[in-house]
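Spelled out, the chains give:
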Amino acid sequence: MIDFVHPALLFILGAVPIPFLKGAIRKVYLVLIPSVAILVVLTLEPGSYGVARVIGQEILFAKVDKLSVVFATVFTIMALVGTVYALHLPRAGQHVAAFVYVGCALGVVFAGDYLTLYLFWEGMAFASAYLVFAQGGDRAIGAAFRYLMVHVTGGVALLGGIVLHGLAAGSLFFGPIAGGGVAGAMDIGGYLILAGFLLNAAVPPLNAWLTDAYPEATVTGAVFMSAFTTKTAVYVLARAFPGTELLVWLGAVMALYGVIYAVLENDCRRLLAYHIVSQVGYMVAGIGIGTEMAVNGATSHAFAHILYKALLFMGAGAVIEVTGRRKLTELGGLYKTMPLTVALYMVGAFAISAFPLFSGFVTKSMVIAAAGQDHRALVVLALTMASSGTFLHTGLKLPYYMFFGRDRKLEAREPPRNMLVAMAMAAVLCIAIGVFPERLYALLPYPVAFEPYTGAHVTESLGLLMFTALGFVLFLRALDPENTISIDTDWFYRKGARAFLWFAEKPLARYEKAVSNVSDKVALPLLHGAARAGLRVDLNGVDAAVNGLARAILGGGGALRRLQTGVATHYALAMIAGVIAAITVFAVVWQQGV
Amino acid sequence: MIKRVVDFFGDEGYARSRRRLFYLVLVLIVVADFLVPREHVEYLWERLPGWSAAYGFGSCVLLILVSKFLGHRVGLMRREDYYD
C-alpha cells in the first residue's frame, strides 16, 4: 500500500492522457481526477514525504500539516468546480493547461523546501499564461506576454532570494523567515523572497499583471486563474512571513486600492479582478497581524474567497459566453433571459460582501475582529470601508448594469448546462460555509475561538451593507459606467516598453545609420584606395623584383645546365683544366709566401 | 420561483413595492441595532447604535467621490485606445 500519493502528480500526470480521450470518456475522466484528488487530500496524514539529496541540498518534496491541507482541500474542490465549468470545451489544450496549473499550485502548497517550491511556482506561471494565450487575438496575446514577463521577473527575484537565503541560513527548508514572527533582522534574501511572493499576491504596485491579464483570458481559464495564483501566494506568505508588520499596511492599502479602481471600471471581469486585489488585501493584512486568530482569518478567507470569486467569474463568464460582450456600457436587461445566472451570481455577490448566512460573513469578519483584538483601529476602519465598497461594486453596480438597468435587447439565453451546474456547486458551498462555519473552522491551522453570529455583529454588518445600498440608490447616476480604461501600474512597463522601442527605433537606429554612413562615405573609399595602391606596389615593385630574380636564376640555371653535357671527355677536360688551375694558383700563392 | 424573485428586482412594475421593502429593511436594521446586546466592545464607536449604518453610507459616498476625482481630475481614466 502506498502511504502517500502526491495530489500534484495526480493532476500533472493526469493531464497527459487528456488529448487522447474523446467525447463522454474524456468528460468522465476530467471529473474523475479532481474527485480522486479531493479524497486523497482528505485522507492525507500529517508528516514529511520524499526526503532526498539533490546537488548537495536536502530537499523535502512534500510536507503535510494543517495549513497545507486546508489550502489543498479548497484547491482540489475548486479544480472540480472549474473543470465542470469547462466541460463543454471541445479542445484539450485548456484542460491540460488547467490541470498542470492546479497540479503546480498543489506542488507549491505541499513543498517542503524552496527548490521544489520554485519549480512548481514557475510551472504555475507558464501553465496559467496558456489560459490567456488560448483566447487568441492581439489583445489577449499582448496581455499574456506581459503576464509571462512579469511573472518570470518575479520568479527571478524569488530564485535570487532563495539562493541568498539558502547560503545565509544553510538550509533550503521552507519555513518562517527571520524578520516576521521570527526573531532577527530580515536579510536581502528574505526581502527578495518576499518581493516574489508579493508579486503573485498582486500587492500594489505589483498588482497590474492581474487586472491586465484576467479579463483577457478565456471564459473558463479566468475562473481557474481567479482561484490559484494569488491564493498560493497567500499560502506562502502565511508560511514564511506571519507577523510581518509591513504586510498589515500593504493589506489595508490593497483592500481600498481595489475598490477605488472598481468604481472606474467598465469591463466586467476587470472589475471583478480589482476585487481580487481588494479581498487578498484582507488576507495579507491578516497574515501581517500574525496572531493565531488573524492567520486563521486569512486562511479561512482564502478558502471562502476561492469559491465565491470563482462563482462571480463564472457568472460574468456566462454572460460573455452567450452575449460576446464584456463592457458594462454594452450590457443590461439580461435578467429576463438569464434568471438562473442572475440568482447564482448574486449568491457569490452576497458571499463576497459578507452578508450573514453567506461564506464571506464568517471569514472576513474574523480578520477584522483579529485586527480589533490587536488594537489596530485604523486597519479595522479601512477594512470595514472596503467591505462597503465590495458590496457597492460586486453586489450592486455590476449586477445592476449587467443584468438589470437599461435593456439593450441583447439576444441571450442561459449558458450551457455544465456551466450552470458548476456555478450551482460553488453557490451551495458559499451558503454551506456561511450556515455551518464550524466545518471550515475545524480545518484551520489553529483552534478557533470566534463566534460570527452574535446579534451585534449581524446588525452591524447588515447596517453597513444596506446603507451602502442606500448610497448606491442615491448616487446611481454618478456610477454609470463610462467607456474608458484606467491607468494602473502596468503603465510603467507598457509605456516603458514603448519608450524602449522608440529609443531602439529612433536615436539608436539613427546613430547606427550615421556610423554606417561614415563607413560608406569615408572609410570604405579610403580602404579601397589603399588596397589599390597596395596592389600596384605589389605588382610593380615586389612582384617585379621577385620575378626578375627568378628570371635571373632561371637564366643562370639554363647556362649551367648547358655545361652539363654528359660527355666523359668534356668532364675529363674540365678536370684537367681544374687541376692545372689549382696548381697554378698554388704555385703563385706558395711562391709569394716564401 | 427563482425567476419570480429575479423579476421582482428587475421589472419596473414592482418598483414601488421594491422601494417600500427597501426602506422598511433599512428602518428595521437600525431599530435592531439599538436592541441587540453589546459585549466585548473594543472601540468607542462600537457602543453607538447605528454607527455601522452611518459608516456604510459615508464609506459608499466617499469611495464614489474619491474614485471619480481620481478618474476624471487626476486622469486615471483614459480613452480605450490609450495603449494602442
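Worth saying up front: this structure is predicted, and the values here are computed from it rather than measured.

Quick word on empty space enclosed by the protein
Residues and elements named next belong to chain A.
- One pass over the full model with this rule turns up one cavity of 30 Å³ or more.
- Of the voids in this model, the largest cavity is the one considered here, and its volume is about 60 Å³.
- Along the walls of the largest cavity sit Thr-83, Ala-86, Leu-89, Gln-94, His-95, Ala-98, Phe-99, Leu-131, Thr-220, Gly-221 and Phe-224, which together make up its complete lining.
- If you tally residues by element for the lining of the largest cavity, the top one is helix H4 (residues 93-110), at four residues.

Some details on the confidence of the model for chain B
- On average, residues of chain B score 90 in pLDDT, and 100% of them are at 70 or above.
- Confidence metrics for the complex model read pTM 0.86 and ipTM 0.95.

Describing the interface of chain B and chain A
- Taken together, the contacts link 48 residues of chain B with 60 residues of chain A.
- Taken over both partners, the interface formed by chain B and chain A buries close to 4700 Å², and the fraction arising from carbon and sulfur atoms is 71%.
- When the area that chain B buries against chain A is broken down by residue, the three leading residues are Leu63(B), Glu80(B) and Tyr83(B), summing to 16%.
- If you look at where chain B meets chain A, you find three salt bridges.
- Its salt-bridge partner being Arg38(B), residue Glu460(A) comes within 4.0 Å of it at the nearest N-O pair.
- Linking chain B with chain A are 18 residue pairs in polar contact (both at pLDDT 80 or more), by the criterion used here.
- For the side of chain B that touches chain A, the element with the most residues is helix H3 (residues 51-74) of chain B, which contributes 18 residues.

Regarding the packing of helix H10 (residues 245-264) of chain A against helix H15 (residues 377-403) of chain A
Residues and elements named next belong to chain A.
- Relative orientation of the contacting elements H10 and H15 amounts to 30 degrees, with a least axis distance of 9 Å. In terms of orientation, H10 and H15 fall into the roughly parallel class. Between H10 and H15 lies a crossing of left-handed hand. Here H10 contributes Val-248, Trp-249, Ala-252, Ala-255, Leu-256, Val-259, Ala-262, Val-263 and Leu-264 to the contact with H15, which in turn contributes Val-379, Ala-382, Leu-383, Met-385, Ala-386, Gly-389, Thr-390, His-393 and Lys-397.
- When grouped by side-chain class, the residues that make up the contact of H10 with H15 number 14 nonpolar, three polar and one charged.

Cut-offs applied
- For every chain, the first residue of the written sequence is number 1, and numbering continues from 1 onward in sequence order.
- Chain letters and ligand numbers both follow the written order, the letters beginning at A and the numbers at 1.
- The predicted origin of the model limits local features to residues at a pLDDT of at least 70 and limits the giving and counting of side-chain atom pairs to 80 or more, whereas totals for whole chains, interfaces and linings rest on all residues.
- For side-chain calculations, the full set of non-hydrogen atoms in the structure is used, while hydrogens and water are omitted.
- Buriedness of a pocket was judged along seven lines, with at least five required to meet protein on both sides within 12 Å; pockets are open sets of points on a 1 Å grid over the protein atoms alone, cavities are sets where a 1.4 Å probe fits but cannot get out, and lining residues have an atom within 4 Å of a point.
- Grid points are joined across faces, edges and corners, and a volume is the space filled by probe spheres set on the points.
- In DSSP terms, a helix is any run of H or I states spanning at least four residues, a strand is any run of E spanning at least two, and both are numbered starting from the N terminus.
- Residue-level confidence of the predictor, termed pLDDT, takes values from 0 up to 100.
- Residue contacts follow a heavy-atom distance rule, with two residues in contact if any of their heavy atoms lie within 4.5 Å.
- Buried area: the accessible area, evaluated with a 1.4 Å probe, that two parts lose upon being put together, summed over both parts.
- Throughout this description, the term salt bridge denotes a Lys or Arg side-chain nitrogen within 4 Å of a carboxyl oxygen of Asp or Glu.
- By the criterion applied in these results, polar contacts are pairs of N or O atoms within 3.5 Å in which, for protein atoms, one can donate a hydrogen and the other can accept it, and in which residues neighboring in sequence qualify only through two side-chain atoms.
- Helix axes are fitted to C-alpha atoms over the stretch in contact, other axes to C-alpha atoms as well, and angles between N-to-C directions run from 0 to 180 degrees.
- Note on terminology: angles under 35 degrees are roughly parallel, angles over 145 are roughly antiparallel, angles of 65 to 115 are roughly perpendicular, and the others are oblique.
- Each crossing gets its handedness from the near helix: less than a right angle anticlockwise from the far helix is left-handed, clockwise is right-handed.
- Classification used: nonpolar for Ala, Val, Leu, Ile, Met, Phe, Trp, Tyr, Cys and Pro, charged for Asp, Glu, Lys and Arg, polar for all others including Gly.

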